[in-house]
Amino acid sequence: MNTTQKPRELIAALAAAFVACGASEAYAADALSVDRSGTLISQRLSSGDRLNDADATHRTSATASPAGTATSSSWISSVNGAAAVPSSSSTQTSLRFGAREGADGLAATGELTAAVNGGSPAAATAATAATAASTASLDDISGTRIRYRASDATIRNPERGLYYMVDCNSPIAASELQQRQTQDGHTLTMCSFSLRNFINAPISQSTLDLFQRNMDTIRSAGMKALVRFSYSSGTGGEDATLERMSSHLDQLQPYLEKNKDVITVLQAGLIGGWGEWAYSQNFGSGSMASLTEKNRADRKALVEKLLKTVPAERAIQLRTPATKQGFYGAAPLSTTEAFNGTARARIGHHNDCFLASGNDWSTYANINSEYPYLASDTAYVPMGGETCNVNPPRSNCPVALQELEKFHWSYLNNGYHEGVISSFKSQGCFEQIQQRLGYRLVLQEGAYSPSAKPGGQMAIGFSIRNDGWAAPFNRRDVELVLRNTASGATHRTKLKADPRLWLPKQTITVSETVALPANMERGNYQLFLHLSDPMTALRDRADYSIQLANENMWEDKTGFNALGHVMSVAP
């Protein structure tokens, strides 16, 4: 189709496609809200909406392909580069259309699934829209090609976004977490756990039980926790010795292991006021350069103990870049080092005075060297934190957006500092922060086998773009799910893709060949992408699965993302 066609010509062509797929002229005109000459009357169908049963009176059994026309299981109509057109071997015809404003005015966009006993490219020819959308990386897959539409909605996704701190030193109210979910769209909460009563004693069993109870509540609520332990909540610096901290970590180890599914990351904590590694009676205060040799040795020993205590699947975060550099070298992580299990690969960063001063109140010792280091290192380790005071113009939206992106922020405190958060809202960048913290994965195009045999193979390929500021930093499974349209039986295959490497501003192409079970029942199968949590207790929970930032794709009961393709399986 010539994408420079005027709106009425586009819509008339789309109406012809309806007729080619078995709809009457009257239905085509009604469905597209045009008259017989193609004149636009109204936009009856919203972008991407599927026709409901009342609209589906046009669905009919298909006739055989015209004589002399080879049957095909896939074809595409690409209108202005925005339409997705898969086909299937079903005996029904389903249609989905919408419209959007483009540079040339109102451009029709939509999806047409022609299922005519195997499908025929004649339908695309009738619509004068058989324009194959192609990219070199997906061209090797022969079959259905689909282009997907991005969503501009604010999406609630796990292990990213805004959070509020909860009081973990008493039982967490489930209703409070539910309110944060429904009212604010949060998936994270900050659990700062005080050990002030145990500076000179073992942690009591009742305190350990309270920690477990709160982790259970967080799990039941479908959320995850940012965890920090501390001894002091002020500048007095009352904290424990290295030996006492080490014994406390031994006590905590089984609880951290048991709850690693809902612990997103553990901040190093423990030392000094608020566990932020300043104002310490036992580990010194000030910059790394001002610490004594013993102070530095004790601090590194604590980091090493934390890495041994925290489950290997999880990272810890340090309060300043200079600390990690001082202990593990000045160079940032490379791609080959990322997620290899070493200390460097498991240590991220948090900034709890973001934008508060020229150096964020000593978060940075040398901006000239630490900014480029942090910008690179945080591509592969978790980064987050909070603001702590208003400091315009640095705390205004332009600088905030620039540095949130530069340093790959995944989470930010929505409750502090109130003045800074309020300025984000009044200056108009709050919604962008909500949407882009962490990952925002947009499926762009897919290519799928139209049919396969039980025990045979199918090809799958898709391109996905990360519009967020960071990649997922914890492991995430990528599953292809095939669901029988008649029986509902599902078959899952884990793909090799690793979302932790789906970096911001990059488009990633995944192309794999999947083997089907030999005993797979014949029938039509709808395809889904499931970005599930790999932890057994959370794998099948939709609230812990990733929703792609696309229209009309998410199943909120299963956590599946519908790929818009139905594949035939038969011997």
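Residues numbered from 1 in each chain as written. Predicted model: local features only at pLDDT ≥ 70, side-chain atom pairs only at ≥ 80, totals over all residues. Heavy atoms only, no water.

*Asks:* Tell me what's going on with the confidence of the model for the protein, and back it up with residues and numbers.
*Replies:* Per-residue pLDDT for the protein averages 81, and the proportion of residues at 70 or more is 76%. Note on residues 1–13: pLDDT is under 50 here. Beyond four places in sequence and across chains, it has 27 contacts. The low-confidence segment residues 15–136, where pLDDT is below 50, has 249 contacts with residues more than four positions distant or belonging to other chains. (pLDDT = per-residue confidence, 0-100. Contact = heavy atoms within 4.5 Å.)

*Asks:* Explain the environment of Ala515 to me, and be specific about the residues and the numbers.
*Replies:* Relative to the helices and strands, Ala515 is located in strand β17 (residues 507–515). In sequence terms Ala515 and Ala459 are 56 residues apart; their C-alpha atoms lie 9.0 Å from each other. (Helix = DSSP H or I, 4+ residues; strand = E, 2+ residues; numbered from the N terminus.)

*Asks:* Before we move on, could you go through helix α9 (residues 367–377) and cite the residues and values that matter?
*Replies:* Among the residues making up α9, those that are buried are Glu370, Tyr371, Tyr373, Leu374, Ala375 and Asp377. Next to the buried residues of α9 lie α8 (321–328), β9 (347–354), β10 (383–387) and α10 (397–406). At the N-terminal end of α9, a side-chain oxygen is found 3.1 Å from the backbone nitrogen of Asn368, two or three residues along, and the residue is Asn366. (Buried < 20%, exposed > 50% of the residue type's maximum accessible area, 1.4 Å probe, protein only. Polar contact = N/O pair within 3.5 Å; in protein donor to acceptor, adjacent residues only side chain to side chain.)

*Asks:* So what's going on with the state of the cysteines? Which residues, and what values?
*Replies:* Scanning all chains against the criterion turns up 3 disulfides. Bridging Cys353 to Cys388, the disulfide has an S-S length of 2.1 Å. Of note, the bridge from Cys353 to Cys388 carries an S-S torsion of about 110° and is right-handed in sense. Taken as a pair, Cys353 in strand β9 and Cys388 in the loop between β10 and α10 lie far apart in primary sequence, 35 residues in all. Of the two residues examined, Cys353 and Cys388, each falls in the buried class. Shown here is the disulfide that connects Cys397 with Cys429, its sulfur atoms set 2.0 Å apart. Looking down the S-S bond of the Cys397 and Cys429 bridge, the torsion is -75°, so its handedness is left-handed. Placement of Cys397 in helix α10 and of Cys429 in the loop between α11 (418–427) and α12 (430–436) is noted, with a sequence separation of 32 residues between them. On the basis of relative accessible area, Cys429 is assigned to the buried category, the value being 2%. With cysteine numbering restricted to those in disulfides and following the sequence, the protein has the pairing 1-2, 3-4, 5-6. (Disulfide = S-S within 2.5 Å.)

*Asks:* How would you explain the sheet that holds strand β11 (residues 411–413) if you had to name every residue and give the values?
*Replies:* Read once around its circumference, the closed barrel built from 8 strands follows the order β4-β5-β6-β7-β8-β9-β10-β11, with strand pairing classed as parallel. On average, adjacent strands in this sheet sit at an angle of 30° to one another, irrespective of strand direction. Relative to strand β7 (residues 263–267), strand β6 (residues 224–230) runs parallel, the two being bridged by 3 bridges. Residue pairing across strands places Val227 opposite Leu266, the latter belonging to β7. Each of β7, β8 (316–318) and β9 is contacted by helix α7 (residues 293–309), which is oriented at about 160° to β8, the strand it contacts most. (Pairing = 2+ DSSP bridges. Axes fitted to C-alpha atoms, helices over the stretch in contact; angles between N-to-C directions.)

*Asks:* A description of the nonpolar core should follow, citing residues and the corresponding values.
*Replies:* General note: in soluble globular proteins, nonpolar side chains tend to be found buried as a group. Counting residues in hydrophobic clusters, the biggest one holds 52 residues, and the most contacted among them are Phe229, Leu270, Leu302 and Val303. Listed by contribution, the elements that provide at least two residues to this core are β5 (188–194), α5 (205–220), β6, α6 (242–258), β7, α7, β8 and α8. Counting residues per element, this core draws most heavily on α6, which supplies 6 residues. Counting 32 residues, the second largest nonpolar core, distinct from the first, contains Tyr148, Trp502, Met520 and Val569. (Core = buried A, V, L, I, M, F, W, Y, C linked by side-chain atoms within 4.5 Å.)

*Asks:* So what's going on with the pairing of strand β4 (residues 161–167)? Which residues, and what values?
*Replies:* Inspection of the sheet shows β4 paired to β11 by 3 bridges, in the parallel sense. In the strand pairing of β11, Leu162 is matched with Leu412. Two strands pair when backbone bridges link them, and β4 and β5 are joined in this way by 5 bridges, in the parallel orientation. Residue pairing for β5: Tyr164 is matched across the bridge by Thr189. In this fold, the crossover linking β4 to β5 by way of helix α4 (residues 174–184) has right-handed handedness. (Right-handed = clockwise from strand over helix to strand, strands pointing away.)

*Asks:* Outline unusual backbone geometry, listing residues and values.
*Replies:* Looking along the chain, the bond that leaves Pro392 and enters Pro393 is cis, with omega of 0°. Note on placement: Pro393 falls in the loop between β10 and α10. A cis amide bond, omega 0°, links Tyr416 with the succeeding residue His417. Among the secondary structure elements, His417 is positioned in the loop between β11 and α11. One non-glycine residue, Leu355, lies in positive phi territory at about 70°. Here Leu355 lies in the loop between β9 and α9. Among the residues examined, Leu355 registers a relative accessible area of 0% and is labelled buried. Even without being a glycine, Trp361 presents a positive backbone phi close to 50°. For Trp361, the position within the fold is in the loop between β9 and α9.

*Asks:* With reference to specific residues and values, describe the packing of α10 against α11.
*Replies:* Packing of α10 against α11 brings their axes to within 10 Å, and their N-to-C directions diverge by 105°. By the angle between their directions, the pair α10 and α11 is classed as roughly perpendicular. Here α10 contributes Cys397, Pro398 and Ala400 to the contact with α11, which in turn contributes Ser423, Phe424 and Gln427. Looking at the contact of α10 with α11 residue by residue, the class counts come to 4 nonpolar, 2 polar and no charged. (Parallel < 35°, antiparallel > 145°, perpendicular 65-115°, else oblique. Nonpolar A, V, L, I, M, F, W, Y, C, P; charged D, E, K, R; others polar.)

*Asks:* With reference to specific residues and values, describe the sheet that holds β17.
*Replies:* Read across the sheet, 4 strands follow the order β3-β12-β14-β17 without closing on themselves; strand pairing throughout is antiparallel. Both edges of this open sheet fall to β3 (144–147) and β17, since each of them pairs with a single strand only. Each strand axis lies, on average, 20° off the axis of its neighbour in the sheet, ignoring direction. Two strands pair when backbone bridges link them, and strand β12 (residues 441–448) and strand β14 (residues 457–466) are joined in this way by 7 bridges, in the antiparallel orientation. Counted as the bridge partner of Ala447 is Gly461 from β14.

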